[in-house]
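One-letter residues, chain by chain:
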Amino acid sequence: MSASLNASALARLLGEWNLGAGPAYRELADVVRLLVLDGRVALDTALPSERALSEALSVSRTTVTAAYGHLREQGFLSSGQGSRGRTRIPRVTPLGTTVLTGLGLSATGGSGAPAAAPGLAAPGLAAPAGLIDLAYASLPASGEVVHRAFAAALTELPALLPGFGYDAMGLLPLREAVAARYTAAGAPTTAEQIMVTSGAQHALNIIIRALAGRQDRVLVEHPSYPNALDAIRAAGCRAIPVAFTAVHGTHANAADGGQPALAWDMHALRATMMQQRPKVAYVVPDFHNPTGQLMPDLQRRQLVRAAAAAGTVLVVDETLRELNLDGAETTPVAAFSPAVVTIGSLSKSHWGGLRTGWIRASEAMIQRFAAARTSLDLGGPVMEQLAAAHLVRALDEPLPARLTALRDNRAALLELLAGHLPEWETGRPAGGLSVWCRLPAPVSTALTVIAPDFGIRLAAGPRFGIGGAFERYLRVPFTLAPEQLETAVLALRSAQDRLDAAPQLRRTLKNAPAVAIA
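Note that the structure is a prediction, hence the values are computed from the model and not measured. (Residues numbered from 1 in each chain as written. Predicted model: local features only at pLDDT ≥ 70, side-chain atom pairs only at ≥ 80, totals over all residues. Heavy atoms only, no water.)

Novice: Would you explain the side chain of Thr 45 in this entry?
Specialist: The topology assignment puts Thr 45 in the loop between helix H2 (24-37) and helix H3 (50-57). Beyond its immediate chain neighbours, meaning those up to four positions away, Thr 45 contacts Ala 3, Ser 4, Leu 5, Gly 85, Arg 86 and Thr 87. (Helix = DSSP H or I, 4+ residues; strand = E, 2+ residues; numbered from the N terminus. Contact = heavy atoms within 4.5 Å.)

Novice: Please explain the pairing of strand S5 (residues 217-222) as it appears in this structure.
Specialist: Looking down a regular strand, the side chains alternate between one sheet face and the other. Most of S5 is tucked away, with five of its six residues classed as buried. Two elements, S5 and strand S6 (residues 238-243), share six bridges in a ladder whose sense is parallel. Each residue of the ladder has a partner; that of Leu 219, found in S6, is Ile 240. Handedness of the S5-helix H8 (residues 226-234)-S6 crossover: right-handed. Relative to strand S9 (residues 280-283), S5 is paired through three bridges, and the arrangement is parallel. Paired with Val 220 across the bridge in S9 is Tyr 282. (Buried < 20%, exposed > 50% of the residue type's maximum accessible area, 1.4 Å probe, protein only. Pairing = 2+ DSSP bridges. Right-handed = clockwise from strand over helix to strand, strands pointing away.)

Novice: I tried to follow unusual backbone geometry on my own but got confused; where do I start?
Specialist: Omega for the peptide link from His 222 to Pro 223 comes to 10 degrees, which places this bond in the cis form. In this structure, Pro 223 sits in the loop between S5 and H8.

Novice: What am I meant to see in the environment of Phe 244 here?
Specialist: Among the secondary structure elements, Phe 244 is positioned in the loop between S6 and strand S7 (245-251). The spatial distance from the C-alpha of Phe 244 to the C-alpha of Pro 223 is 7.7 Å, given a sequence separation of 21 residues. Apart from residues no more than four positions distant in its own chain, Phe 244 is found in contact with Arg 40, Glu 221, His 222, Pro 223, Leu 262, Ala 263, Trp 264, His 288, Thr 291 and Gln 293.

Novice: For this particular structure, what's the right way to read the packing of aromatic side chains?
Specialist: In total, this model carries five aromatic pairs according to the counting rule given. Ring geometry for Phe 244 and Trp 264: centres 5.1 Å apart, planes at 50 degrees, overall tilted. Of this pair, Phe 244 sits in the loop between S6 and S7 while Trp 264 sits in the loop between strand S8 (260-263) and helix H9 (266-276), and the two are 20 residues apart along the sequence. Relative to Tyr 473, the ring of Trp 436 lies with its centre 5.1 Å away and its plane at 10 degrees, an arrangement referred to as stacked. Linking Trp 436 in strand S13 (residues 434-438) with Tyr 473 in strand S15 (residues 473-477), this pair joins segments that are 37 residues apart in sequence. A single burial state applies to Trp 436 and to Tyr 473, both of which are buried. Ring pairing ties together the aromatic residues Trp 436, Phe 464, Phe 470 and Tyr 473, which thus form one cluster. The residue whose ring lies beneath Arg 360 is Tyr 182, and the NZ or CZ to ring-centre distance is 5.8 Å. (Phe/Tyr/Trp six-rings, centres within 6.5 Å; stacked < 30°, edge-to-face > 60°. Lys NZ or Arg CZ within 6 Å of the ring centre and 35° of its normal.)

Any link to function would need more than the numbers given here.
Spelled out as structure tokens, the structure:
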């Protein structure tokens, strides 16, 4: 079953669209087009009938008919049964023809998920020497703390050497330490409810392998974490995007005119779950990557209830939960239901090189994951798990200093962006590692292509979406020191100036370079 949007829901998204700056049908078509490009209306979504939308907007049916016709001419709407059509993203080929891309039609004309543009997905590629890497939202190791943990692990290793070294569940001391953290946070947990993995990405791959088969639906936020989208796609599953909604009249960074705050659209999440009945829903409620949003407890409860009603397994990624820059208090989603599956990791709080993560779920679900894991690997490295146990037991030790540095970096980045790129709209994230910037034009991929000429590497906005959305967005991490951030922002300014001086580059630079994203 494909997604559809009723007239009242679309009217709510449109807001004050009729400004009188041009023909009404053109204004209506332009706002719908922006909703599609920004990801607020998902691809392959059936728009309301002309009659229903005209009644909801109190305009003539001729206006809606002309607007839909204009969208079809531009390639943003396909023909459908009767008067309905489905949203698409047009792709211009080297021959100048337009190809529609969406959830049901690939860029090569086949069925299934849309083909990614060349170079948009190439995990594992490091930035060339000399480039400031803004594609990674990750921190260097918490130095002495990590070193001390490995030194302690080295003394404990001999006791384990007589064993085989294989353990699909993970070492008991680490599972006990992780379980104790959840219990202290309000989600009582035993070691039997924890499986240790080689990072959060590994955890998600295990979960998808266990719970979803080829062509099964997996609900995701839109935008979402690129590597999660890649994992869903690689498993042959179909990602069902649900867009964030703009909270009108509210600004995440009102003091300096930031973009309207984003929020989870609970109505759309509930409706999509009931319509689509996805096997899995993957969400990042704690300092969402890339938007930085934090889901309130009320919405967490609503999300749990919606997943239960739809028979959907709710998978919650808490990788960024510890990076709480403003001290906001929320409850782990797992505290609201034993059916929730949670992913955690030390990669963002301590160091990506640790490659240590975990899954928290019911004992029965953990056993199911263990069975699915054996076709991927037979367990994680012992030394890293011994060190990780020390780090989890003393998780709060390195965090105060790291959070202080991140707050300073966040302030520096927002000030630099406001000063050098005032036309970019930015919000102030309450936590996490990056700022989600709205650009003045759909040039994210073009910026990414020319960025290395100015000494920086970027991750294009469409990598965080499906089917080419988010060309007006760019994720900028604040994981670098302020002096490096200044160099990076000046480079962004220079790249923006080049695009402004040569508008034709926006049309010709279509394929972003291959970059890894974290």
